[in-house]
Amino acid sequence: MRRLLLTVIGAPAAALAVWALAVPLAGITLTARMGAAPQPVGPVLVIVASLVAGLAGWALLAVLERRATRPGRNWTIIALVVLVLSLSGPLTSAVGAAATVVLLLMHLVVGAVLIPGLVRAAT
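All of these numbers come straight from a predicted model, not from anything done at the bench. (Residues numbered from 1 in each chain as written. Predicted model: local features only at pLDDT ≥ 70, side-chain atom pairs only at ≥ 80, totals over all residues. Heavy atoms only, no water.)

The next point concerns the overall build of the protein. In terms of helices and strands, the protein carries five helices and two strands. Mapped from its N terminus to its C terminus, the protein presents α and β elements in the order α-β-β-α-α-α-α. In terms of overall dimensions, the protein has a C-alpha envelope of 45 × 25 × 20 Å along the principal axes. Relative to all contacts within the protein whose residues are 6 or more apart in sequence, the contacts with residues 24 or more apart total 70%. (Helix = DSSP H or I, 4+ residues; strand = E, 2+ residues; numbered from the N terminus. Contact = heavy atoms within 4.5 Å.)

Below, the structure written as C-alpha cells:
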C-alpha cells in the first residue's frame, strides 16, 4: 500500500518538476487549447491531471488483481496503450513547439513513474 501511495504521489511531483523547470525557470509559455480558447497550463492543472491518472491506474490495477490471471502484465499493456494515446493531447492541443515538447515530456514522465511503480506493487 505504501508503494502504491508513493507512486501515485510521485507522478504529480515529477510532472510538477518538469513544469517548474520549463515555465518559471526556462520561461516557456505553456498553453493548450481547452475548449474555445487557449488556456495556460498551471501547476494546479498539472497536479490534478497527473493525480487523476495515478488514481485511475491504481483503480484499474485493483480490478485486474481480482479478475485477471496476470494482472501486472495486463495492466502494463493497458497503461502503455493509454500513455501512447494520451500523447495525442499535446500533439493536437499545445500552442507552440515549446509547449508541445514540454507537455509531451510531462506525459512521458508521469508514465515513467506510474507504469513501473504500480506494476511492481501488483500481486
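Next up on the list: the nonpolar core. In this structure, Leu-30, Trp-75, Leu-103, Met-106 and Leu-118 are the most contacted members of the largest nonpolar core, which totals 26 residues. Contributing elements (two or more residues each) for this core: helix H1 (2-25), helix H2 (43-67), helix H3 (71-86) and helix H5 (97-121). With eight residues, H5 is the single largest residue contributor to this core. The contact partners of Leu-118, leaving out residues within four places of it in the chain, are Leu-4, Thr-7, Val-8, Gly-54, Gly-57, Trp-58, Leu-61 and Trp-75. (Core = buried A, V, L, I, M, F, W, Y, C linked by side-chain atoms within 4.5 Å. Buried < 20%, exposed > 50% of the residue type's maximum accessible area, 1.4 Å probe, protein only.)

Turning next to the packing of H1 against H2. In the contact formed by H1 and H2, the axes pass within 9 Å of each other and the chain directions differ by 150 degrees. Between H1 and H2, the angle is such that the two are roughly antiparallel. Our pair here, H1 against H2, has a crossing hand that is right-handed. On H2, the residues touching Leu-4, Leu-5, Val-8, Ala-11, Pro-12, Ala-15, Leu-16 and Trp-19 of H1 are Pro-43, Val-46, Ile-47, Ser-50, Leu-51, Gly-54, Leu-55, Trp-58 and Leu-61. (Axes fitted to C-alpha atoms, helices over the stretch in contact; angles between N-to-C directions. Parallel < 35°, antiparallel > 145°, perpendicular 65-115°, else oblique. Left-handed = near helix turned anticlockwise from the far one by under 90°.)

Attention now moves to the pairing of strand S1 (residues 31-34). Within a regular beta strand, the side chains point alternately toward one face of the sheet and then the other, so they alternate between its two faces. In this structure, S1 lies alongside strand S2 (residues 37-40), joined through four bridges in antiparallel fashion. Each bridged residue has a counterpart across the sheet, and for Thr-31 the counterpart in S2 is Pro-40. Where S1 folds back on S2, the antiparallel hairpin that results is connected by two residues, among which Gly-35 adopts a positive phi of roughly 85 degrees. (Pairing = 2+ DSSP bridges.)

A few words now on the side chain of Thr-100. Considering the arrangement of structural elements, one finds Thr-100 in helix H5. Excluding residues within four positions of it along the chain, Thr-100 makes contact with Pro-90, Leu-91 and Ala-94.

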